[in-house]
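# Coordinate inspection notes
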Amino acid sequence: MSGVGVRGAERFWVIVLLLPTLLGLALGAFGSIAATIGISLFQWDLLSPARWVGFDNYLALPENRSFLKALGNTALFSAMYVPATLSISLVVAVLLNQRIRAVGLFRLIYFIPVVTSPTAVGLVWTWIYSRDKGVLNAIVTTFGGEPVHWLGSDMALYSVVIVNVWGAIGEGMIIFLGGLQAIPRDVYEAATIDGASRFQQFLAVTVPMLLPSIFFQAVLSTIHAFQAFDYVYILTQTGNGGSSLPMLVFNIYREGFNYFRMGNASAQSVVLAVIVLGLTLVYSRLNKRWGQHG
Amino acid sequence: MKALFSAAAFSALALSATAGIAQTNLTYMMWGDPPEIAVWEAIVGEFEAANPDIKVKVEVSDWDSYWDKLRVTTVGGNPPDVFAMDAPLYPDWQSRGSLLDLSPYLAAAPETLDGVYPGPLSAYQLSAGTFGLPRDFQTIVLFYNKAMFDAAGVAYPDDSWTLDDLRAAAKKLTIDKDGDGQTDQWGLGTELWDMEPMWGPVLYSYGGAPISEDHKKTTLGDAAAAEAWKFLADFRLNDGSVMSQEDLESYGSDGFLAGVAAMTFSGHWVVPAYSDLAFDWDVAPFPKGPAGRATLVNSAGIVVSASTPNPDAAWKFVQFVISEKGQSKLTELGFAIPVIDKVANSPVFLEQKARGNHKVFLDALAYAHTKPSFRGYEEWSAAVGDTLALVWNGEMTIEDALAEIVPNADAALAGNQ
C-alpha cells in the first residue's frame with residue numbers, strides 16, 4: 001500500500017480514530033473466533049459444565065454422517081454457484097456498461113434481489129417451484145410435460161443454486177461495473193485500431209484488466225457459497241425443522257442448538273473456516289500470478 | 001432489551017424498597033400464541049392476589065424462538081424462574097442439571113398431586129426425582145368435516161371405525177370438483193413428519209412401537225411395525241386421498257382449517273381456531289387397528305430453573321397452576337385438557353365455549369400411549385423424520401428408508417447415553 005504517509009501527531013490521531021473499530025473487531029470477530037476454537041476442544045452441551053476432550057470432536061467428524069452429507073452438499077453447491085455467479089454477473093456488467101437507454105433502471109433491477117429480504121424472496125420462489133400449483137410447472141404442463149418436483153431430492157440442489165445465483169448477480173455486477181469503469185478508454189481505442197472485434201476485445205482487454213475484480217468477487221462468492229443458509233433453508237425446510245438439502249451452516253446450527261453439542265458444532269465451524277481460508281489463499285496465489293500484469 | 005429489563009427490575013426493586021415490602025419477582029416463560037397471553041395474565045392476576053408479595057412476569061414466544069431463548073438465557077446465567085417444558089424434551093433438560101428437583105416440595109405438600117392424571121404425570125417422575133409437573137395435556141383424535149361427509153354421502157366416523165374404514169372413507173371424500181385433473185378436496189390432511197398426530201398411533205394400533213421400553217433401541221424396523229408402515233405408505237402414496245407436505249404448506253399447514261381436507265388427526269390445541277370455522281365439524285376416537293385402538297398422549301409441563309434465586313416462590317406458582325383454580329382458568333383457553341380429573345370432568349372443560357365433543361379427548365386417555373420421552377429425543381426424531389419425509393414425498397421406499405433410519409436413530413440414542 002502506497003499512499004499518504006502518516007507522521008508524528010497524525011499517527012496518534014489515526015490510532016485514536018481507528019480504536020473503536022479495532023476494539024470491536026478484536027472483541028467481536030477475533031474474540032468469537034478464539035472462543036469457537038476453544039469450545040471445539042470441549043464436550044459442551046450448553047447446560048452442564050464443559051469437559052476437555054482435546055481433538056476428539058475433530059476426529060469424530062469423518063464418521064459424522066450428517067456432517068459429511070452437509071459438506072458434500074455445500075461443495076457441490078459451491079462448485080456450481082461460484083462459476084455461475086461470476087460469469088453471469090460479468091456478462092450483465094459488461095452489457096450494462098454500454099451506452100444504452102435507461103441503463104440506470106436495468107442496473108437497479110439487477111440489484112434489487114441483493115437488497116430484498118431473503119425470507120420474502122424465498123417464499124416467492126417456493127411458490128414458483130411448487131409441484132402442483134407452481135408457476136414453473138404450469139409452464140411445463142402447458143407444453144405437455146410431466147410436473148417436475150423442483151424441490152424434491154433429485155432437483156433441489158439445482159433449483160436452490162439458481163435462486164442463489166439470481167440473488168447474487170446484482171452484487172457481482174456492482175463490483176464488475178466498478179472494475180470496468182477503471183479500464184482506460186484508450187486501451188479499447190488501441191485495440192479497435194489494431195482491428196480487434198468486440199468479442200476479441202472482451203477476451204483480450206476486458207477480462208485481463210478485470211482480473212483483480214474477478215478474483216475479489218471469486219473470494220466473496222466462495223465465502224457466500226460456504227455460508228449459504230437463508231434461501232436454502234426456506235426452500236428446502238421440512239416439517240420437523242430439518243432440510244432436504246442440509247448445508248454446513250444449517251448442520252452446525254442444528255448440531256449445536258438442537259442437539260446440545262456445542263463442541264462438535266464448533267469443530268465443524270472451524271473446519272468450515274479453514275476450508276474458506278484455504279480457498280481464499282488459492283485465489284490470492286492465482287491473483288498474484290495472473291492478475292497483476294495490468 | 002436486557003438492559004431495559006434489568007433497569008425496570010431495578011426501579012421496581014427501588015420502589016418496593018421504599019414502600020417497605022419485600023417483593024419477589026418471578027419470570028414465567030412459555031411457548032404459545034398471542035391469545036394465550038391474556039389468559040396467563042389472568043392466572044397470574046389471581047396468583048398475585050393470593051400472594052401479594054410475589055410478582056410474576058409472563059413471557060410468551062413462538063415454539064422455535066422459545067427454545068433458542070431458553071438455551072441462551074440459561075447459558076447466560078439468567079434463565080426464567082419458571083418455564084414450560086415439552087414432555088419428550090424433559091429428559092434432555094433434566095439430565096443436564098438445569099431443572100430444580102420438586103420432590104422435597106411434593107413430600108411436604110403431597111396434596112398437590114391429588115387428582116392429577118397418572119399418565120401425563122409419569123413422564124416427569126424419574127428415579128432421580130420429580131423435576132417438573134404436567135401443566136396440561138393433549139390426546140390425538142379424529143376431526144371430521146360434517147358438511148363434506150354429508151355431501152359425499154359417507155356415514156360419520158364413530159367408535160366402530162377401523163383404519164381400513166378410515167382409508168375407504170378418505171378415498172370417497174377425495175374429489176376433483178372442477179374436473180381439471182387436480183384434487184380440490186382431500187379425504188385426510190394431517191402432518192406426517194412427527195409421530196404424534198398419525199404414524200405413532202397407527203404404529204401402536206398395529207402392535208408396533210417406535211422405541212424399546214428402556215429407550216435404548218429403535219423398534220421402527222421390527223416385524224410388528226412393518227404392516228403399519230405398509231398401511232401408511234399405501235394410504236399416503238397410492239390413494240391420492242392424503243395431502244402431501246407440499247399440499248399442506250400451500251394451505252397454511254392445515255388443510256382441515258382451510259376447508260380442503262375432510263378429516264385430520266390432531267389434539268385439542270386446534271379447537272379454539274376450529275371453533276371459528278363456518279362449517280360443522282365433530283371429533284371421533286382414533287380408528288382401531290389390527291391390534292386394537294391406540295393414540296398418543298403428550299403433555300406440556302411446568303418446571304423450575306435449578307438456579308432460580310426464589311425456589312419457594314417459584315414452587316408456589318407451580319402449585320397454583322396445577323391447582324383447581326389455576327387449571328379452571330387455564331381450561332378457559334380451550335387449547336388443552338386440564339391435568340386434574342376434577343376439572344377435566346367438570347363443565348369447565350366438558351361444556352367450554354369452544355366447540356366439539358370434549359369428552360372424546362378425555363376418553364382417549366383410556367387407550368393412549370404416552371409419547372416417548374428420553375434423552376436425545378430431538379436428535380432421534382430428526383434422524384427418523386428427515387428420512388421419513390422422503391417416503392411421504394414418494395422419493396424413497398419405506399423399506400429403504402427404514403434401513404437408513406434405524407441405524408441412524410440408534411446412533412443418535414447411543415450418542416446421548
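## Focus on the pattern of salt bridges
All names here are of chain B. Scanning all chains against the criterion turns up 17 salt bridges over all chains. Among the salt bridges present, the one from Arg-135 reaches Asp-136, with a minimum N-O distance of 3.0 Å. Across the pair, Asp-136 and Arg-135 agree in class, each one buried. The salt bridge involving Glu-196 is made with Lys-371; its shortest N-O contact spans 2.9 Å. Placement of the pair is Glu-196 in helix H9 (residues 195-205) and Lys-371 in the loop between strand S13 (368-370) and helix H18 (377-392), with a sequence separation of 175 residues. Lys-371 shares its class with Glu-196; the two are buried.

## A few points about the nonpolar core
Nonpolar side chains in soluble globular proteins tend to be buried together. In this structure, Trp-229, Met-263 and Phe-317 of chain B are the most contacted members of the largest nonpolar core, which totals 131 residues. Of the residues forming this core, the biggest block, eight residues, is contributed by helix H13 (residues 311-322) of chain B. In terms of domain composition, this core takes at least three residues from each of domain 1 (13-139 + 298-370) and domain 2 (141-296 + 374-415) of chain B. Discounting chain neighbours no more than four positions away, the residues touching Phe-317 of chain B are Leu-26, Tyr-28, Trp-40, Val-44, Phe-47, Val-56, Val-82 and Ile-302 of chain B. By size, the runner-up hydrophobic cluster in this structure holds 46 residues, among which are Val-121, Val-161, Leu-180 and Tyr-231 of chain A.

## Section: the domain arrangement of chain A
You can read the domains of chain A as domain 1 (1-39) and domain 2 (55-290). When each unit is reduced to the centre of its C-alpha atoms, the spacing between domain 1 of chain A and domain 2 of chain A is 31 Å.

## Observations concerning the pairing of strand S6 (residues 133-139) of chain B
Residue and element names in this part refer to chain B. Counting buried residues along S6, seven of its seven residues qualify, which places the element largely inside the surrounding structure. By the bridge criterion, six bridges tie S6 to strand S11 (residues 295-304) in an arrangement that is antiparallel. Opposite Pro-134, over in S11, you have Gly-301 as the bridge partner. Both S6 and strand S12 (residues 337-338) contribute to a ladder of two bridges, which runs antiparallel. Residue Phe-137 lies in a different strand from S12, and its bridge partner there is Ile-337.

## Side note on the packing of helix H5 (residues 118-129) of chain A against helix H7 (residues 156-181) of chain A
All names here are of chain A. The interhelical angle for the contact between H5 and H7, taken along N-to-C directions, is 140°, at an axis separation of 12 Å. With respect to each other, H5 and H7 are oriented oblique. The chirality of how H5 crosses H7 is right-handed. Residues Val-121, Trp-125 and Tyr-129 of H5 pack against Ser-159, Ile-162, Val-163 and Trp-166 of H7.

## Some thoughts on the packing of aromatic side chains
Geometry of an aromatic ring pair is reported as the spacing of the ring centres plus the angle between the planes. Here the structure, examined in full by the defined rule, presents 45 aromatic pairs over all chains. Ring geometry for Phe-256 of chain B against Phe-279 of chain B: centres 5.7 Å apart, planes inclined by 80°, an arrangement best described as edge-to-face. Of this pair, Phe-256 of chain B sits in the loop between helix H11 (245-250) and strand S9 (261-266) while Phe-279 of chain B sits in the loop between helix H12 (271-275) and strand S10 (281-284), placing them 23 residues apart in sequence. With respect to class, Phe-256 of chain B is no different from Phe-279 of chain B; both count as buried. Relative to Trp-380 of chain B, the ring of Phe-374 of chain B lies with its centre 5.4 Å away and its plane at 85°, an arrangement referred to as edge-to-face. For Trp-380 of chain B, a relative accessible area of 1% translates into the label buried. Site record: aromatic cluster; members linked through ring pairs are Phe-260 of chain A together with Trp-31, Trp-63, Tyr-66, Trp-67, Phe-83 and Trp-93 of chain B. Stacked on the ring of Phe-260 of chain A, the Lys or Arg Arg-71 of chain B has its end atom at 4.9 Å from the ring centre.

## Some points on the interface of chain B and chain A
The partner chain A presents 24 residues to the 29 residues of chain B that form the contact. Each partner contributes to the roughly 2,400 Å² buried at the junction of chain B and chain A, and carbon and sulfur atoms together form 46% of this total. Looking at the side of chain B facing chain A, the largest losses of area belong to Arg-71, Arg-96 and Glu-246 of chain B, adding up to 25% of the total buried there. Connecting chain B to chain A are three salt bridges. Here Asp-45 of chain A ties to Arg-96 of chain B by a salt bridge, and the two come within 2.6 Å at their closest N and O atoms. Applying the counting rule to chain B against chain A returns eight residue pairs in polar contact (both at pLDDT 80 or more). Looking at the side of chain B that touches chain A, the elements with two or more residues in it are helix H3 (63-75), helix H4 (90-94), H11, H18 and helix H19 (398-415) of chain B. When residues in the side of chain B that touches chain A are grouped by element, the largest group, eight residues, is from H18 of chain B.

Cut-offs used in this document
- Residues numbered from 1 in each chain as written.
- Chains lettered and ligands numbered in written order.
- Predicted model: local features only at pLDDT ≥ 70, side-chain atom pairs only at ≥ 80, totals over all residues.
- Heavy atoms only, no water.
- Salt bridge = Lys/Arg side-chain N within 4 Å of Asp/Glu carboxyl O.
- Buried < 20%, exposed > 50% of the residue type's maximum accessible area, 1.4 Å probe, protein only.
- Helix = DSSP H or I, 4+ residues; strand = E, 2+ residues; numbered from the N terminus.
- Core = buried A, V, L, I, M, F, W, Y, C linked by side-chain atoms within 4.5 Å.
- Domains from an automatic or database assignment.
- Contact = heavy atoms within 4.5 Å.
- Pairing = 2+ DSSP bridges.
- Axes fitted to C-alpha atoms, helices over the stretch in contact; angles between N-to-C directions.
- Parallel < 35°, antiparallel > 145°, perpendicular 65-115°, else oblique.
- Left-handed = near helix turned anticlockwise from the far one by under 90°.
- Phe/Tyr/Trp six-rings, centres within 6.5 Å; stacked < 30°, edge-to-face > 60°.
- Lys NZ or Arg CZ within 6 Å of the ring centre and 35° of its normal.
- Buried area = accessible area lost by both parts, 1.4 Å probe.
- Polar contact = N/O pair within 3.5 Å; in protein donor to acceptor, adjacent residues only side chain to side chain.

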